[in-house]
Amino acid sequence: MPGYDMTRESFVPQPKKASKNMQFLKNSNRSAVLCALALKKASNRTELASYLNLTRMAISNIVNELRDHAIILEVSSAENESESEHGPNGRPPKQLTLADWSITVICINIRRYSVSCMLMDINGNTRPPVTRCLPAHADNAFLMDTIIQLIEEVQQAFPQVPIIGIGVSSIGPLDIYQKHLLNPPDFRNIRNVDIGAPLEARFHLPVYLDNDMNCSALAELYFGAGISCRDLVFLGFSAGVGAGVIMNEKILHGFGGFAGEVGHISINPIGPPCPCGQNGCIELYTRGENILANAGVVSFEELNALLEQKNPPRFVLNSIKQYIDAMHTLMVAVANSYDPNIMILGDIDIAFINRFLPDLEEYMNSHMLNHGYKHIKVIPSALAEAASLYGAGSIVLQRVFEGELPLPIPAGG
Ligand SMILES: [Zn+2]
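Residues numbered from 1 in each chain as written. Predicted model: local features only at pLDDT ≥ 70, side-chain atom pairs only at ≥ 80, totals over all residues. Heavy atoms only, no water.

### Side note on the sheet that holds strand 3 (residues 104–110)
We apply this condition: DSSP bridges decide pairing: two strands pair if at least two such bridges lie between them. Comment: elements are numbered from the N terminus, with helices defined as DSSP H or I runs of at least four residues and strands as E runs of at least two. Lines fitted to C-alpha atoms define the axes, with helix axes restricted to the stretch in contact, and inter-axis angles between N-to-C directions lie between 0 and 180 degrees. Any pair of residues with heavy atoms lying within 4.5 Å of one another is described as a contacting pair.
With mixed pairing, the five strands of this open sheet are ordered in space as 5-4-3-6-10. For this open sheet the edge positions go to strand 5 (130–133) and strand 10 (207–211), each flanked by a neighbour on one side alone. On average, each strand axis in the sheet is tilted by 20° relative to the strand beside it, whichever way the strands run. The sheet strands contacting helix 5 (residues 140–157) are strand 3, strand 4 (114–121), strand 5 and strand 6 (163–170), and the helix crosses strand 4 at an angle near 30°.

Below you can see the structure in the form of structure tokens.
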């Protein structure tokens, strides 16, 4: 009977659906509380209620539960006892922090010549990383064996720490959705590697993969130079040049996960050929090894020493002018495209880039289209060469903050 089928839906017991929705809402609010505390947006129940627009009772239920599971710590504040800091009962509000090592992730960083692994917790505490070189003969099996050995090593060193997921930061290109490393240029004998499935099968943990620029950007947002921001761009200048873009505290991936390849904006159609198929890409003038080659030196120490001289060689000054011109174009294009709050420069010698920061910041802010309406601060990476390793763990923590990854407490709790 058609009528029977049409009305069957109405006989589905409503409490079941309602309770499922309630659980979803509860998990979502719980994750939001963790995120607010981790990113220092709030530090007590009153601030949490205000920041998340939830009732004090809802916040108290969540905080009490997470405190009972030793994820949140609550301490009386002996300081800041001004009137405005007092809670509704006249006493200063108790300060909330996240317990060290209550939520822990494994970080893997795949670089062109090495792989690193370390443990990191929700507060950004870390255990010392372990690193293995990738020799010239390294192939897909060698890479995966190395990653598995490194994870086993850090787990065995700290067996009492419960792990909730594995984050992998890698040179690209990647298929971040299938968790595959595709075909990075000049990457030993390694190409088309399934990173996710073997690690998930071996360790029974969720695995997330993202490129090193995106990971570095998220790490700077959570633990580095961008901790008070919502919108930032991380520009990296190592073997390749690219951007990790954070918008509204989330990585901008694009449809295929390839957003942010700003190093392949061409600034000279008849310039030197780029491996991407174009000519004169910005990457060719701004990545570390090209800066050195164009100046005729082998290290940034050597280049910095030449630039310290009273009269640096003419060819060095010419190469630096070409570099600065390319950086101006790149940074104005990035500012116009993404409208960040701050721009972070990383994967480059700090002493070298520091000497140009004031000029780069001034030029970008006076040449971007909407100049005069805002000021974008340009700062060096706070996490330096560790940014992408911290970032590997950060992409797992983001899943916790978004409620995608369950917390280490009972589901119905
Ligand atoms: Zn290119």
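### Looking at the pattern of salt bridges
The condition that has to hold: For this document, the term salt bridge refers to a Lys or Arg side-chain nitrogen within 4 Å of an Asp or Glu carboxyl oxygen. Burial classes: relative accessible area under 20% of the type maximum marks a residue as buried, over 50% as exposed, and values in between as partly exposed (1.4 Å probe, protein chains only).
Evaluated as defined, the whole model comprises 17 salt bridges. Close ionic contact of Glu-308 with Arg-355 constitutes a salt bridge, the shortest N to O distance being 3.1 Å. Residue Glu-308 is found in helix 10 (residues 300–308), and its partner Arg-355 is found in the loop between helix 12 (350–354) and helix 13 (357–367); the two are separated by 47 residues along the sequence. Glu-308 sits in the exposed class, given a relative accessible area of 57%. Residue Arg-355 is classed as partly exposed on the basis of its relative accessible area of 32%. What emerges from the salt-bridge pattern is a single network uniting Arg-45, Arg-67, Asp-68 and Glu-74.

### What to know about the domain arrangement of the chain
The test is simple: Residue ranges assigned to the domains are those given by an automatic or database domain assignment. Joining two parts hides part of their accessible area as seen by a 1.4 Å probe, and the buried area is that hidden amount summed over both. Residues adjacent in sequence count toward polar contacts only when both atoms are side-chain atoms; beyond that, a polar contact is any pair of N or O atoms within 3.5 Å, and within protein one must be able to donate a hydrogen and the other to accept it. Residues are sorted three ways: Asp, Glu, Lys and Arg are charged, Ala, Val, Leu, Ile, Met, Phe, Trp, Tyr, Cys and Pro are nonpolar, and all the rest, Gly among them, are polar.
Taken domain by domain, the chain holds domain 1 (14–98), domain 2 (104–215 + 388–401) and domain 3 (226–382). Computed from C-alpha atoms alone, the centre-to-centre distance between domain 2 and domain 3 is 27 Å. Listed by partner, the interface residues are 12 residues for domain 2 and 18 residues for domain 3. When domain 2 packs against domain 3, the two sides together hide about 1,100 Å² of surface, and 51% of this comes from carbon and sulfur. Where domain 2 touches domain 3, the interface holds one salt bridge. When the shortest N-O distance is used, the salt bridge between Asp-347 and Arg-111 registers 3.9 Å. Taken together, domain 2 and domain 3 are joined by three residue pairs in polar contact (both at pLDDT 80 or more). Secondary structure elements with two or more residues in the side of domain 2 that touches domain 3: helix 7 (212–223) and helix 14 (387–401). Residue composition of the side of domain 2 that touches domain 3, by class: seven nonpolar, two polar and three charged.

### A short note on the coordination of the zinc ion
So the rule is basically this: Here the term donor refers to an N, O or S atom within 2.8 Å of the metal (or 3.2 Å for Na, K and Ca), and because water is left out of the atoms, sites may appear incomplete. Tetrahedral means four donors with every angle between 85 and 135 degrees, whereas square planar (four donors) and octahedral (six donors) require angles over 155 degrees between opposite donors and between 65 and 115 for all others; sites fitting neither are termed irregular.
Note on the zinc ion: its protein donors are His-264 (ND1), Cys-274 (SG), Cys-276 (SG) and Cys-281 (SG). The metal-donor distances range over 2.0 to 2.3 Å. Its four donor atoms give the zinc ion angles of 105 to 120° at the centre, a pattern that matches the tetrahedral case. Sequence spacing among the residues donating to the zinc ion works out to H-x9-C-x1-C-x4-C.

### Some thoughts on helix 10
As a reminder, the rule being used: Taking the helix axis as origin, the arc is that swept by the directions to the C-beta atoms.
Those residues of helix 10 that sit buried are Phe-300, Leu-303, Asn-304, Leu-306 and Leu-307. The buried residues of helix 10 occupy one face: seen down the axis, they fall within an arc of 160°. Away from its buried face, by an angle of more than 90 degrees, helix 10 presents the exposed residues Glu-301 and Glu-308. Summarising the contacts, the buried residues of helix 10 are in contact with helix 9 (288–295), helix 11 (314–338) and helix 12.

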